[in-house]
Amino acid sequence: MTHKEIQDLIKLIDKSKLAEFKLKNGDFEVSIRSQKYFEAKQREQVTVVQQSAPAAPAQAPVSQPAAPAEQNYQPDIQPQEKPKADDGGDSKGLLEIKSPMVGTFYRSASPDKPPYVQVGDKVEESSVVCIVEAMKLFNEIESEVKGKIVKVLVDDASPVEYDQPLFLVDPKG
Amino acid sequence: MKSGDHCIYVSSVDSTNQYVKRIISNYKIKSGTVVYTFDQYEGLGQYGTQWYSQNGKSLAFSMYYEPLSLSPEHVFTLNMLVSNGLAAGLQSLLPGHNVKIKWPNDIVVEDDKLAGVLIQNALKKQVVLHSVIGIGVNVNQTHFEASYSRKPTSMALLTSLENDPGKVLHTLLQSLNHHLPASMPLQKPKVLFEKTREVYLDRLYGYDKWQTFQRSDSTIFQGKVINVEPDGRICITDQEGNLQKYDLKEISWVTR
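About the criteria used
- Residues numbered from 1 in each chain as written.
- Chains lettered and ligands numbered in written order.
- Predicted model: local features only at pLDDT ≥ 70, side-chain atom pairs only at ≥ 80, totals over all residues.
- Heavy atoms only, no water.
- Helix = DSSP H or I, 4+ residues; strand = E, 2+ residues; numbered from the N terminus.
- Rg over C-alpha atoms; globule rule 2.2 N^0.38 Å.
- Contact = heavy atoms within 4.5 Å.
- Lys, Arg positive; Asp, Glu negative; His and termini not counted.
- Charge placed at Lys NZ, Arg CZ, Asp CG, Glu CD.
- Core = buried A, V, L, I, M, F, W, Y, C linked by side-chain atoms within 4.5 Å.
- Buried < 20%, exposed > 50% of the residue type's maximum accessible area, 1.4 Å probe, protein only.
- Phe/Tyr/Trp six-rings, centres within 6.5 Å; stacked < 30°, edge-to-face > 60°.
- Lys NZ or Arg CZ within 6 Å of the ring centre and 35° of its normal.
- Pairing = 2+ DSSP bridges.

> Tell me about the overall build of chain B, and please be specific about residues and values.
Across its full length, chain B holds five helices and 14 strands. Here the C-alpha atoms of chain B give a radius of gyration of 18 Å, agreeing with the 18 Å that 2.2 N^0.38 yields for 256 residues. Along the longest, intermediate and shortest principal axes, the C-alpha atoms of chain B span 55 × 45 × 35 Å. Contacts spanning at least 24 positions in sequence make up 64% of the contacts within chain B whose residues lie at least 6 apart. Where the 26 positive side-chain charges of chain B centre and where its 24 negative ones centre are 5 Å apart.

> Residues and numbers for the nonpolar core, please.
The biggest cluster of nonpolar side chains holds 78 residues, and the ones touching the most others in it are F167 of chain A together with F61, L90 and W103 of chain B. At nine residues, helix α2 (residues 75-93) of chain B tops the list of elements feeding residues into this core. Among residues more than four places away in sequence, those in contact with L90 of chain B are V99, I107, L114, A115, V137, M155 and L172 of chain B. Core analysis: the next-biggest nonpolar cluster, separate from the first, contains eight residues, V13, I23, I29 and V132 of chain B among them.

> I'd love a proper account of the packing of aromatic side chains, names of residues and values included.
This model, assessed by the stated rule, comprises nine aromatic pairs over all chains. Measuring from ring centre to ring centre gives 5.9 Å for F105 of chain A and F167 of chain A, while their planes differ by 55°; the resulting arrangement is tilted. Here F167 of chain A lies in strand β10 (residues 165-170) and F105 of chain A lies in strand β4 (residues 103-106), a separation of 62 residues in the sequence. F167 of chain A matches F105 of chain A in its accessibility class, with the two residues each being buried. Each residue in the set Y205, F213, F221, Y246 and W253 of chain B is aromatic and connected to the rest through ring pairs, giving one cluster. The ring of W253 of chain B has K102 of chain B lying over it, and the distance from NZ or CZ to the ring centre is 5.0 Å. Against the face of F221 of chain B rests R215 of chain B, its NZ or CZ located 4.0 Å from the ring centre.

> Please set out the environment of A134 of chain A residue by residue, giving values where relevant.
For A134 of chain A, the position within the fold is in strand β6 (residues 128-134). Between the C-alpha atom of A134 of chain A and that of F105 of chain A, which follows or precedes it by 29 residues, the distance is 9.2 Å.

> Quick rundown of the pairing of strand β8 (residues 147-152) of chain A? Include the residues and the values.
Residue and element names in this part refer to chain A. Pairing geometry for strand β5 (residues 122-123) and β8, over two bridges, is antiparallel. Note that in β8 the partner of K122 across the bridge is K148. In this sheet, β10 lies alongside β8 in antiparallel orientation, the contact comprising four bridges. Bridge pairing in β10 links V152 to F167.

So this is what it looks like as structure tokens:
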């Protein structure tokens, strides 16, 4: 599927009544969630009032710049913004940096080095925030968000799962 | 990409991986660019460990590689491709010896470590942006001072001959070129994994042989390596025929 085709598909779905669309063809996979999906999700969350809700982005994907054309379309095209909690509290408007893989979480390049980031540090998009080591492969994780680190959610050298939140970031920090 | 189209020689450096990372933090370089030295004084081993080399006697090089469409779930394929290329290159330089890959990525002859791999990936938004593939080879060392987790060997110890580390580099780059695709195929990560695994298992130390293993809970058992999973876990069957998959920290070989 070409870049253009994917863009057209996104537009088409946005205009339709669909909340979610998935297409799988061999190794190629695309899934698109529209504004309607997240509106529905938010309604659910408001009624349930849940803290550990799945990270449900709150915007339509249409305005998102599409990923470069040569990539495996793992449809990570939604921003990772959590829906704003109505009940206020500390987690208001915070973003998560998540682990892209199963592995061991390390906060610094080696045990004698300082951590990449500490609570209170500012991160840019593309700041290295940690390492996730898997099978002797060292994966430096770059932040996808901009803001101030408000919480480190995982202890150094502990195992992490795919998609597990690692840091909380305040985008207004 | 062809690895080695751009080669940078440094007479002495802390670590070639670090050197590459310093370059890419300031400049844009081509995928396949290689930095090499015969004097690496602070080589990186696994997390928090060192790779020891001796001035002028060993080869260390790092390749900057942009694996385009590689997703994090397939990084172990990259590990196998590099191990396969490195092992095949060393095998061609050491006829008469049996060069093996010890899971996940040590290169051994008999049970002694000849070369090591350290891959550092930069990941963002579910995509591997780039990799720095670091390789250390013991070329002309004839004695090793430091204590090692695994007994080292060198090409000189194996062949009783001095080798030109520059020529060793040349051969290894050719072999890596042959094994590493210029970019990961867009829609066929599973096909590439299967193909690569076949070569990897063929060269895997202890593959399909009864050996003694120790689990992380200290239990010792006789087992046979029969496969590796896409995520890199090793599949070992015990004498009762029970198959179990192990992560790196869950299993080790009991050496003779």
